[in-house]
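Results of the structural survey
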Amino acid sequence: MSRIDRMGWGIGKMRLAHFGALALSFLVSGSAFSQQQRFNTIEASKNGWFAEQSRSAKWYLSQHKRLTTAIATLQPQRPGVVDAYVLSIGLDSDPVFTRESSEAANVLARRYGAAGRTLHLAAGADDKAIGPAQGSPSNLAIGLAAIAAKMDPKEDVLILFATTHGDPVSGLAYRDGEYAGGMIGPQRLANLIDGVGIKRRMVLLSACFSGIFLPLLTNDQTVIVTAASSQRTSFGCAPGNDWTFFGDALVNNALRKPQTFDAAVGEATRLIYDWEGQLRLVPSRPQVFVGDNARVWLDALEDKMPKTPTAKVGRPAISSD
């Protein structure tokens, strides 16, 4: 196992251990949860449990205002037009995920004509008046519901980009330093999206082991691309990086160009394979799924993409550690 492999897997186990300890610290004596002798992270991920501690009242008010303002600016859908709504979320407060989710929101909004129909959420939010709302499981749920209320589910499309650490059983990690921890598993994410009635969706998951989400998120109207298979880590998640390998290859390189989605995914996959080969890493094996009827809306969006590329942002993932 490479040093980067060990780092990625070690971080994943640390996140789970931290979440279990944090959540247990909130159990109130006499509650149903307090009867459990051991916190079950698998059940936590399945049911969307997460915990927060030591937040100030000022922080909560600031987050409420940020999210309310962001939702209020979402433009309604246009009848007769396939509108894309982008939700880009960094679920871990390590800066790489904030940087990646922020620029992903910009790139996806431009490519798919979602200016005015984009939400960016990022863990690590402070209590100042500006900045994205917290990238938390609850804000993800609220954001999805808000988008569903604006869109026509028979006509429009959700584009969800999520970046964080991942676990081969529990899914996507939510962490904000010592303040918050949790997991979003495949069942929970599927329940959230299906629960608001969004069938037309593109889901891009930048996390280790993110291939575990494919079985529960797929339908004939879905497009999914994951950074790794259900059994492999992905790379580039060091806090000081500007991009993970997946985010750099797919978003910062391929999706900036006026090429088809298939060509973009092909380019991104080749880049990741080349980078991993140069560093002698165990291949992450990104996964791709395109539903039988997804081409209807995907082709409609791609027909309107800008005809000129944009310049890449930040340091290449392979050049940073």
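Residues numbered from 1 in each chain as written. Predicted model: local features only at pLDDT ≥ 70, side-chain atom pairs only at ≥ 80, totals over all residues. Heavy atoms only, no water.

Remarks on the overall build of the protein chain
Rule in force here: By the criteria applied, helices consist of DSSP H or I runs no shorter than four residues and strands consist of E runs no shorter than two, each listed in order from the N terminus. Think of it in three bands: with a 1.4 Å probe and only protein chains considered, a residue is buried below 20% of the maximum accessible area for its type, exposed above 50%, and partly exposed in between. Throughout, a residue-residue contact means that at least one pair of heavy atoms, one from each residue, lies within 4.5 Å. Areas reported here follow the Shrake-Rupley algorithm with a probe of radius 1.4 Å; residue values treat only the protein chains shown as occluding.
In terms of helices and strands, the protein chain carries 10 helices and 10 strands. Looking at the protein chain as a whole, 55% of its 321 residues qualify as buried. Considering only intrachain contacts with a sequence separation of at least 6, the fraction spanning at least 24 residues in the protein chain is 75%. Total accessible area on the protein chain stands at roughly 13,400 Å², and carbon and sulfur atoms take up 56% of it.

Considering the packing of aromatic side chains
Note the following rule: Classification of ring pairs rests on two measures: the distance between centres of Phe, Tyr or Trp rings, Trp counted by its six-membered ring, which must be within 6.5 Å, and the angle between planes, read as stacked under 30 degrees, edge-to-face over 60 and tilted in between. Placement of a positive charge over a ring is assigned whenever Lys NZ or Arg CZ falls within 6 Å of the ring centre and within 35 degrees of the normal to the ring plane.
Taken as a whole and judged by the stated rule, the model has 4 aromatic pairs. With 5.1 Å between their ring centres and 85° between their planes, W59 and Y60 make a pair best called edge-to-face. Here W59 falls in the buried class, since its relative accessible area comes to 8%. The exposure class assigned to Y60 is partly exposed, which follows from its relative accessible area of 41%. Both rings, one in F235 and one in F245, keep their centres 6.1 Å apart while their planes meet at 55°; by these two values the pair is tilted. With a gap of 10 residues between them, F235 in the loop between β9 (222-226) and α8 (245-253) and F245 in helix α8 connect regions that are remote in the sequence. One exposure class covers both F235 and F245, and it is buried. Each residue in the set F235, F245 and W275 is aromatic and connected to the rest through ring pairs, giving one cluster. Seen from the ring of W59, R55 lies directly overhead, with NZ or CZ sitting 4.0 Å from the centre.

Description of the packing of α8 against helix α9 (residues 261-278)
The criterion, for reference: Only C-alpha atoms enter the line fits that serve as axes; for helices the fit covers just the stretch in contact. Angles between N-to-C directions range over 0 to 180 degrees. In this scheme the crossing of two helices becomes right-handed for a clockwise turn of the near helix relative to the far one and left-handed for an anticlockwise turn of less than a right angle. In this count, Pro and Cys sit with the nonpolar residues alongside Ala, Val, Leu, Ile, Met, Phe, Trp and Tyr, while Asp, Glu, Lys and Arg are called charged and the others, Gly among them, polar.
In the contact formed by α8 and α9, the axes pass within 9 Å of each other and the chain directions differ by 145°. Judged by the twist between their axes, the crossing of α8 over α9 is right-handed. From α8, F245, F246, D248, A249, L250 and N253 reach across to α9, where they touch A264, V265, E267, A268, L271, I272, W275 and E276. Partitioned by chemical class, the residues of the contact of α8 with α9 number 10 nonpolar, 1 polar and 3 charged.

Some details on α8
With 9 of its 9 residues buried, α8 lies for the most part within the structure. Regarding α8, the residues found buried are F245, F246, G247, D248, A249, L250, V251, N252 and N253. Buried residues in α8 make contact with α4 (95-111), β4 (157-163), β8 (201-206), β9 and α9.

Brief notes about the side chain of S93
The condition that has to hold: The term polar contact refers here to a pair of N or O atoms within 3.5 Å; inside protein, the definition further demands a hydrogen-donor-capable atom paired with an acceptor-capable atom, and it admits residues adjacent in sequence only when both atoms are side-chain atoms.
Note on placement: S93 falls in the loop between β2 (84-90) and α4. Side-chain polar atoms of S93 contact the backbone nitrogen of G177, separated by 3.2 Å. With near-sequence residues (within four places) excluded, S93 lies in contact with A123, G124, R175, D176 and G177.

Topic: the sheet that holds strand β5 (residues 166-167)
Counted only if it meets this: Strand pairing is assigned whenever DSSP identifies at least 2 bridges connecting the two strands.
Reading across the sheet, the 4 strands line up as β1-β7-β6-β5 and stay open at both edges, with antiparallel pairing between neighbours. Each edge of the open sheet carries a strand with a single partner, namely β1 (50-52) and β5. Both β5 and strand β6 (residues 171-176) contribute to a ladder of 2 bridges, which runs antiparallel. Paired with G166 across the strands is L172, a residue of β6.

Focus: the pairing of β8
Judged by how many residues are buried, β8 sits mostly within the fold: 6 of 6 residues are covered. Burial along β8 is two-sided: the face carrying R201, V203 and L205 and the face carrying M202, L204 and S206 are both buried. Here β4 runs beside β8; their pairing, made up of 6 bridges, is parallel. Counterpart to T163 in the pairing with β8 is S206. Sheet topology places β8 next to β9; 5 bridges connect them, and they run parallel. Across the sheet, residue M202 finds its bridge partner in β9, namely V223.

Focus: the sheet that holds strand β10 (residues 287-290)
Backbone hydrogen bonds are what pair the strands of a sheet, in a parallel or an antiparallel way. Judged by pairing direction, the sheet is mixed, and its 6 strands sit side by side in the order β3-β2-β4-β8-β9-β10 without closing on themselves. Because the sheet does not close on itself, it has two edges, and the strands there are β3 (118-122) and β10. Across this sheet, the average inter-strand angle for adjacent strands is 10°, counted without regard to direction. Against the sheet, helix α10 (residues 295-302) contacts β2, β4, β8, β9 and β10, and its axis sits at roughly 80° relative to β8.

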